[in-house]
Amino acid sequence: MKIVSKIDELRLQISQWRQQGLKIAFVPTMGNLHAGHISLVAEAHRHADKVVASIFVNPMQFGAHEDIDNYPRTMENDQQQLIAASTDLLFTPTPSIIYPKGLDKQTYVEVPNVSDGYCGESRPGHFRGVSTVVCKLFNLVQPDIACFGLKDYQQVQVIQTMVEDLSMPIEIIPVATVRETSGLALSSRNGYLTQEQLKIAPALAQNIQWLAKEIKTNNDFIGLAKKAASYINNAGMKTDYIHICHARTLQPASEDDKELVILAAAHCGKARLIDNLQVTL
Ligand code: PAF
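Residues numbered from 1 in each chain as written. Predicted model: local features only at pLDDT ≥ 70, side-chain atom pairs only at ≥ 80, totals over all residues. Heavy atoms only, no water.

Q: Just to check I follow, could you spell out the pattern of salt bridges for this structure?
A: Pairs can form between side chains of opposite charge once their charged atoms are near each other. Counted according to the given criterion, the structure contains 10 salt bridges. Between Arg128 and Glu110 there is a salt bridge, with its nearest N and O atoms 2.7 Å apart. Residue Arg128 is located in helix 6 (residues 126-141), and its partner Glu110 is located in the loop between helix 4 (95-98) and helix 5 (119-122); the two are separated by 18 residues in the primary sequence. You can call Arg128 partly exposed: its relative accessible area is 30%. (Salt bridge = Lys/Arg side-chain N within 4 Å of Asp/Glu carboxyl O. Helix = DSSP H or I, 4+ residues; strand = E, 2+ residues; numbered from the N terminus. Buried < 20%, exposed > 50% of the residue type's maximum accessible area, 1.4 Å probe, protein only.)

Q: Mind showing me how you'd approach the environment of Thr92 here?
A: Summarising the element assignment, Thr92 is placed in the loop between strand 4 (89-91) and helix 4. Judged by its relative accessible area of 13%, Thr92 falls in the buried class. Discounting chain neighbours no more than four positions away, the residues touching Thr92 are Ile3, Val4, Ser5, Ile55 and Met75. (Contact = heavy atoms within 4.5 Å.)

Q: Would you mind showing me how to read the pairing of strand 6 (residues 171-175) here?
A: For a regular strand, side chains alternate in direction, first toward one face of the sheet and then toward the other. Across five bridges, strand 5 (residues 145-149) lies against strand 6 in parallel orientation. Residue pairing across strands places Gly149 opposite Val175, the latter belonging to strand 6. Each parallel crossover has a hand, and for strand 5 linked through helix 7 (residues 153-165) to strand 6 it is right-handed. (Pairing = 2+ DSSP bridges. Right-handed = clockwise from strand over helix to strand, strands pointing away.)

Q: Just to check I follow, could you spell out the environment of Val175 for this structure?
A: By the element assignment, Val175 lies in strand 6. Along the backbone, Val175 and His37 are 138 residues apart, and their C-alpha atoms lie at a distance of 9.7 Å. Not counting chain neighbours up to four residues away, the residues in contact with Val175 comprise Ser39, Leu40, Glu43, Cys147, Phe148, Gly149 and Leu150.

Q: Any chance you could explain the site of the ligand here in plain terms?
A: If you check the shell around the ligand, you find Pro28, Thr29, Met30, Asn58, Gln61, Val130, Val133, Val134, Phe148 and Gln155 and nothing else. In this structure, an oxygen atom belonging to the ligand sits 2.6 Å away from a side-chain N or O atom of Gln61. Taking Gln155, its side chain carries an N or O atom lying 2.7 Å from an oxygen atom of the ligand. Burial of the ligand by the surrounding chains reaches 87%, relative to a free accessible area of 290 Å². Taken atom by atom, the bulk of the ligand overlaps the largest cavity. Elements represented by at least two residues in the shell around the ligand include exactly strand 2 (24-29) and helix 6. (Near = heavy atom within 4 Å. Polar contact = N/O pair within 3.5 Å; in protein donor to acceptor, adjacent residues only side chain to side chain. Areas by Shrake-Rupley, 256 points an atom, 1.4 Å probe, with all protein chains shown as cover. 1 Å grid on protein atoms, 1.4 Å probe; cavity = no way out; pocket = protein on both sides within 12 Å on 5 of 7 lines; lining within 4 Å. Sits in = over half its atoms within 2 Å of the grid points.)

Here it is as structure tokens:
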């Protein structure tokens, strides 16, 4: 695996592959990799000749009260996992390479509507940071396809909408969430959980599953979501939100909608966990 941190080194390798007519897939990450990320690399290999990954802890998507300095950085271990997954190229830029003028003077990309509620509401500015960095990384890597994990369902919709709205010639491939046997979705944030909290945290996925079953026979979506929130709280977490939404627009689901997604976030100790489930009625 080739590792580059400078833009001209990245562009040189990409243009060589382009001249050879090779198809390029991209897996952007913030590092601290786990099996969920590696499943993205595996999926990328199914669609392309070369797989590029990036590791960049993006300051623009962290809020003022969110501790970017303590975000886990495990570069050595990440590189070993990417090598084992046959990644061809790893891009590891610094903040000054991505944002040479500083965050305040940086042009940004903001995707309306799908960015607004849920995590967008709990983390103001977060999706602006995500869409800006992903747009920038897409312009640098110029991939044919890019893989994103469905655990971050709202993020996938934001990026899909950005690609459509800005006519980017990139196919977005959503990849299924990888879970522990307890049902807990794999996440870098699980590293913040104590042994005791690891026993509580699967209640998030379990109550989403419960809700998915209930909405098949009961269309009181708001009442059911409230119940699920109280079950999650009773399990020892603090629900941030749980909503039943239209799977593409993310608007609150109406009785006639058939393609739905349940979106949820809850605090478990120091960790804010998110999860979701798509449901077809
Ligand atoms: O999902 C993530 O790890 C990040 O939001 C992403 C897409 C790499 C952008 O920084």
